Amino acid sequence: MAENTQHGSSGNAADRNLALELVRVTEAAAIAGGHWVGAGDKNSADGAAVDAMRSFLSTVDFNGTVVIGEGEKDEAPMLFNGEQVGDGRGPASDVAVDPIDGTRLTALGMNNALAVIAVADGGSMFDPSAVFYMDKLVVGPEAADMVDLRLPVKQNIHLVAKAKGVKPNQVTVCVLDRPRHQGLVEEIRATGARTRMILDGDVAGAIAACREGTGVDIMMGIGGTPEGIVTACAVKATGGVIQGRLAPTDEAEREKAAAAGLDVDRILTTDELVTSDNCFFAATGITDGDLLRGVRYRGRTITTQSIVMRSRSGTVRMVEAEHLAKKWEKYERHQK
């Protein structure tokens, strides 16, 4: 089932069929991790999702290198930065994975946990290793050419309201619930705009800001730089925009950024976060959220809801799938 577009497959770009192959990968991670929803054990949830994602990635027909993986923060033995994934055929591709974006959400049974993967042409993803956090602004296509992270919060909200033909008090801003955002939240509410606070999972919040019918108009605030790059892959397919500015947490990180030749005051655009226009993004809901419905286990069947995007064709697909439960028994959670 290939996309029927005028853009053919090229010799230096990942094949368009890859989009639907990647959905299989996120579905596997979501089904495996979903068994741990509400169990209070985020490490076991993440471990199950990592195992499933890596297993399915090995069957995908592409030549991928993980450039944004589980990383040191998760002490992950698999899907680490530099790991080769796929069957090794075809052009080199950058791969960003997050088997569970929102491990704490999964453990607590809260909304907006996703299994996520993004793929782009080799060497096109921004290297986030120097600075882990980034100040972000994400909006959909209506206001993409109007907002600017350097503007005051009030002005950006008014610009989005104008672009959408609504009043500022009808605008909803998604913000991570962190002490560092106290001042930002006060500024947002002072305009009359509403906030939607999320515990974790800013990839879901960012993409919701680019999609109609989610109830989110803007995402603002400081979150992970790797998540910003993953978001950029998705945003390219929606016509929206993400702007980012690196946010070092201390002087040592600021010096690390300088050593890497990075200007922490510079506004990074969508195209600077991911330079390729041949990006793929796939996500499957683990718990219910603004973007997707979570996994449902129904006796003999498991149902999933996913979103898959390709920037080159501007295609966004919603994928509803029903899986035979007995085929997934090895990923079930067992009592200790």
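Residues numbered from 1 in each chain as written. Predicted model: local features only at pLDDT ≥ 70, side-chain atom pairs only at ≥ 80, totals over all residues. Heavy atoms only, no water.

By the naming in an unreviewed UniProt entry, the protein is Fructose-1,6-bisphosphatase, taken from Kocuria varians. The record in UniProt for the protein states the following under Cofactor (unreviewed entry): "Mn(2+)". (UniProt positions renumbered as here; feature names shortened; annotations may be inferred.)

Asker: I tried to follow the overall build of the protein on my own but got confused; where do I start?
Answerer: Of regular secondary structure, the protein possesses 9 helices and 13 strands. Against the globule reference of 20 Å for 336 residues, the protein gives a C-alpha radius of gyration of 19 Å, in line with a compact fold. Each of the three principal axes of the protein carries a C-alpha extent, and together these read 55 × 45 × 45 Å. Sequence-distant contacts, at least 24 apart, represent 69% of the contacts inside the protein between residues at least 6 apart. Summed over all atoms, the accessible surface of the protein reaches about 14500 Å², with 45% contributed by carbon and sulfur. Across the protein, the mean location of the 36 positive side-chain charges is 6 Å away from that of the 46 negative side-chain charges. (Helix = DSSP H or I, 4+ residues; strand = E, 2+ residues; numbered from the N terminus. Rg over C-alpha atoms; globule rule 2.2 N^0.38 Å. Contact = heavy atoms within 4.5 Å. Areas by Shrake-Rupley, 256 points an atom, 1.4 Å probe, with all protein chains shown as cover. Lys, Arg positive; Asp, Glu negative; His and termini not counted. Charge placed at Lys NZ, Arg CZ, Asp CG, Glu CD.)

Asker: Any chance you could explain the nonpolar core here in plain terms?
Answerer: Proteins that are soluble and globular tend to have nonpolar side chains buried together. Of all hydrophobic cores here, the largest spans 45 residues; its most connected members are Met 125, Val 138, Leu 273, Val 274 and Phe 281. Elements with a contribution of two residues or more to this core: strand S4 (114-121), strand S5 (133-139), strand S6 (172-176), helix H6 (202-209), helix H7 (225-238), strand S9 (241-246), strand S10 (280-285) and strand S12 (301-310). At 7 residues, the largest contribution of residues to this core is made by H7. Not counting chain neighbours up to four residues away, the residues in contact with Phe 281 comprise Val 116, Ile 117, Ala 118, Val 203, Ile 207, Val 230, Cys 233, Ala 234, Ile 307, Val 308 and Met 309. Within the second largest apolar cluster, 43 residues are counted, among which are Ala 19, Ala 30, Ile 117 and Val 295. (Core = buried A, V, L, I, M, F, W, Y, C linked by side-chain atoms within 4.5 Å. Buried < 20%, exposed > 50% of the residue type's maximum accessible area, 1.4 Å probe, protein only.)

Asker: Just to check I follow, could you spell out the state of the cysteines for this structure?
Answerer: A disulfide bridge is the covalent bond that connects two cysteines by way of their sulfur atoms. Enumeration according to the criterion identifies 0 disulfides in this entry. Among the cysteines around Cys 210, which has no disulfide bond, Cys 174 carries the closest sulfur, lying 11 Å off. The class for Cys 210 is buried, based on a relative accessible area of 8%. (Disulfide = S-S within 2.5 Å.)

Asker: I tried to follow helix H5 (residues 182-190) on my own but got confused; where do I start?
Answerer: Turn by turn, an α-helix covers 3.6 residues, leaving residues three or four places apart pointing in a common direction. Along H5, the positions that sit buried rather than exposed are Leu 184, Val 185 and Ile 188. Projected onto a plane normal to the axis of H5, the buried residues spread over an arc of 95 degrees and lie on a single side. Exposed and oriented more than 90 degrees from the buried face of H5 are Gln 182 and Ala 190. Where H5 is buried, its residues touch helix H4 (153-164), S6, strand S7 (194-198) and strand S8 (218-224). Just beyond H5, the residue with positive phi is Gly 192, at close to 95 degrees. (Arc of directions from axis to C-beta.)

Asker: What is the right way to read the packing of H6 against H7 from this model?
Answerer: How two helices pack is summed up by the angle between their axes together with the distance between the axes. One way to put it is that H6 packs onto H7 with a least axis distance of 10 Å and a crossing angle of 30 degrees. In terms of axis orientation, H6 runs roughly parallel to H7. Crossing geometry of H6 relative to H7 is assigned as right-handed. Contacts between H6 and H7 pair Asp 202, Val 203, Ala 206 and Ile 207 from the former with Glu 227, Val 230, Thr 231 and Ala 234 from the latter. A per-class count over the contact of H6 with H7 returns 5 nonpolar, 1 polar and 2 charged. (Axes fitted to C-alpha atoms, helices over the stretch in contact; angles between N-to-C directions. Parallel < 35°, antiparallel > 145°, perpendicular 65-115°, else oblique. Left-handed = near helix turned anticlockwise from the far one by under 90°. Nonpolar A, V, L, I, M, F, W, Y, C, P; charged D, E, K, R; others polar.)

Asker: Looking at this structure, I do not really get the side chain of Thr 172. What am I missing?
Answerer: Tracing the backbone shows Thr 172 in strand S6. Judged by relative accessible area, Thr 172 falls into the buried class, the value being 8%. When residues no more than four places from it in sequence are discounted, the contact partners of Thr 172 are Arg 194, Thr 195, Arg 196, Gly 215, Val 216, Asp 217 and Ile 218.

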